[in-house]
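In case you want the letters, here they are:
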Amino acid sequence: MTDYETIIGLEVHVELKTKSKIFCPSTTEFGGDPNTHVCPVCLGLPGVLPVLNKKVLEYAIRAALALNCEIAEYSKFDRKNYYYPDLPKNYQISQYDLPLARNGYLNIEVNGQTKRIGITRIHMEEDAGKLIHQGTIATSPYSLVDYNRTGVPLIEIVSEPDMRSPEEARAYLEKLKAIIQYTGVSDCKMEEGSLRCDANVSVRPRGSREFGTKTEIKNMNSFKALQRALAYEVERQIAVLQEGGRIVQETRTWDENKGITLPMRSKEEAHDYRYFPEPDLVPLVIDRQWVEEIRATLPELPDERRNRYIKHYDLPAYDATVLTATKEMADYFEECVALYPNAKAVSNWMMGDLSRLLNAHNMDITRCKVSPRQLTDMLKLMDRGTISGKIAKTVFEEMFATGKDPEQIVQEKGLVQITDEGAIAAVVEEVLAGNAKVVEDYLKGKDRAFGFLVGQVMKATRGKANPELVNRLLKEKLHSS
Amino acid sequence: MITIKDVEHVALLARLELSDEEKQMYTKQLNAILEYAQMLNELNTDDIPPTAHVLPLKNVWREDEVGEHLPPEEVLANAPEREGQFFKVPRIV
């Protein structure tokens, strides 16, 4: 059987976080009543003229620099003509042959190896409006149009076909999101559509130099959806080829519920966009000094931050990668270590219980009720011996649910660790007296019996006995009896 | 040379319905226009950079400030059909 190689390239659209739209002063605010964030320009009324929002250009340059791109000296806008009611002008203002930026890259980690993924180009364009349908688009009798999103600034980031697996594609998108978020030019919220991703996928017999016929996959609204859709599509293409069939170049949509990609009804000749220079907007000649000024204000980016965590905090590479994957997570971590110097302990809690609870509640860390001060206060309670590591887990869950201070929870629930030798010794005596058979087993050399006895003491104290004391006292009593 | 096929293709993209006579007429007219523009090919343009824009202007932009929005009644005043505050249009798949 032929061994196939997968080729993936991604086209990612990112909404820029400006206050006003790209070519008019309407607000970019998400939501709002339908058709209330619009003006004559974004409605495409006759006689209006678009004017570029300078902040859009600045943000686009900022993102492009963070992605190691070359910024064009000369750039212009073009009209992309198509009939679809999501834009009222029958064309989208975009960039065609002279995009703002080219030749960038980012690095991903795959199986412990760093791999560079090329970025072909980045260009600026306007977002389209939203079509609302009753039920599905296929069965709805008509479309309702809301133009609030029309004209919200976008950058489109086109990768080279450098990815060789769905996992690499996901790693690329995650890294791209992290970098853009770090630059502060976009929220990159996939669920709100401020980060959107289309994929070009093809397969070819391993060793072949030519690319196979590709399909374009749309409608993947999460990292998981991207990976699943690509895995499905790769398998589908290989199956078609192995049966002697041919891949049809087409656009396919990901059906999240069914877990399959389906061909979208092809809009015949729809790809004939007849681009031409936008006559209403004058060209851009980008000042080199301005570019350098923007470059100088770039923050520390994920890779640098990750390396700093490894060097400065002595964290394992894995911890450093996970903690710096989002800016919010990394900021939270740094606020913690500023209050509590044991970085590895902070990392363990963030990657363990905190991440587990965030995932379980489908939350990101910005909505977490536990502040860095509260988390580190809890770690200090553990260090002081007020609570054991086991009890800390209970306390943390309560903190996560209520946002209360750890001290308060410990007090209210009576979770203070028992460190009084006399009190524990009394419990130990009781347990030994009540488990004579187990004691006998232990003395005959059954080590496991000891664990059982520890468990009984902890149970009797509802987990509050200091574990080291329990161990020591049990041993002492057992060996003196 | 523009053929009837080209005219039909462009008409489809532009959502224009043309009669057979119109197709004939536009084929002729478009050819005449292109023929006239052919004159440009007689000029030597070796040292002329491609023109993206005819005005001697560059870098015209505005600051990022939010302005006024159109009241919904005016927004929808020209809507062929509406439903609530939405434009209502034929479904296009």
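Presented here is a report on the structure given in the accompanying data block. (Residues numbered from 1 in each chain as written. Chains lettered and ligands numbered in written order. Predicted model: local features only at pLDDT ≥ 70, side-chain atom pairs only at ≥ 80, totals over all residues. Heavy atoms only, no water.)

**Digging into the interface of chain A and chain B**
- Counting residues at the interface gives 56 residues for chain A, matched by 33 residues for chain B.
- Together chain A and chain B conceal approximately 4100 Å² of surface at their shared face, both sides included; 62% is due to carbon and sulfur atoms.
- One can count zero salt bridges joining chain A with chain B.
- At the surface where chain A touches chain B, the tally comes to 23 residue pairs in polar contact (both at pLDDT 80 or more).
- Broken down by secondary-structure element, the contributors of at least two residues to the side of chain A that touches chain B are β2 (52-53), α1 (54-66), β10 (142-146) and β17 (284-285) of chain A.
- With five residues, the top contributor of residues to the side of chain A that touches chain B is β10 of chain A.
- Counted by class, the side of chain A that touches chain B contains 33 nonpolar, ten polar and 13 charged residues. (Contact = heavy atoms within 4.5 Å. Buried area = accessible area lost by both parts, 1.4 Å probe. Salt bridge = Lys/Arg side-chain N within 4 Å of Asp/Glu carboxyl O. Polar contact = N/O pair within 3.5 Å; in protein donor to acceptor, adjacent residues only side chain to side chain. Helix = DSSP H or I, 4+ residues; strand = E, 2+ residues; numbered from the N terminus. Nonpolar A, V, L, I, M, F, W, Y, C, P; charged D, E, K, R; others polar.)

**Observations concerning the sheet that holds strand β5 (residues 78-81) of chain A**
All names here are of chain A.
- Taken together, three strands build an open sheet; the order of strands is β6-β5-β16 and the sheet is antiparallel. In this open sheet, the two edge strands, each paired with only one partner strand, are β6 (91-94) and β16 (276-277).
- Bridge count between β5 and β16: two bridges; the pairing is antiparallel. Counted as the bridge partner of R79 is F276 from β16. (Pairing = 2+ DSSP bridges.)

**Some details on the nonpolar core**
- L10 and Y172 of chain A are the most contacted members of the largest nonpolar core, which has 108 residues in total.
- Formed jointly, this core draws a minimum of three residues from each of two domains, domain 1 (4-293) and domain 2 (298-413) of chain A. (Core = buried A, V, L, I, M, F, W, Y, C linked by side-chain atoms within 4.5 Å. Buried < 20%, exposed > 50% of the residue type's maximum accessible area, 1.4 Å probe, protein only. Domains from an automatic or database assignment.)

**As for the sheet that holds strand β7 (residues 101-110) of chain A**
Residue and element names in this part refer to chain A.
- Spatially, β3-β7-β8-β11-β1-β12-β13-β14-β15 is the arrangement adopted by the nine strands of the open sheet, whose pairing is mixed. With one partner strand each, in any of the chains shown, β3 (70-71) and β15 (260-263) form the two edges of the open sheet.
- Where β3 meets β7, two bridges bridge the pair, whose relative direction is antiparallel. What sits directly across from E70, in β7, is R102.
- Along the sheet face, α1 touches β3, β7, β8 (113-126) and β11 (153-159) and points at about 165° away from the line of β8. (Axes fitted to C-alpha atoms, helices over the stretch in contact; angles between N-to-C directions.)

**Some words on the state of the cysteines**
Residue and element names in this part refer to chain A.
- Under the definition given, this model contains zero disulfides over all chains.
- For the unlinked cysteine C188, the closest cysteine sulfur is that of C197, found at 12 Å.
- Overall, the relative accessible area of 1% leaves C188 in the buried class.
- A disulfide-free cysteine, C368 has its sulfur positioned 9.4 Å from the sulfur of C336, the nearest such atom. (Disulfide = S-S within 2.5 Å.)

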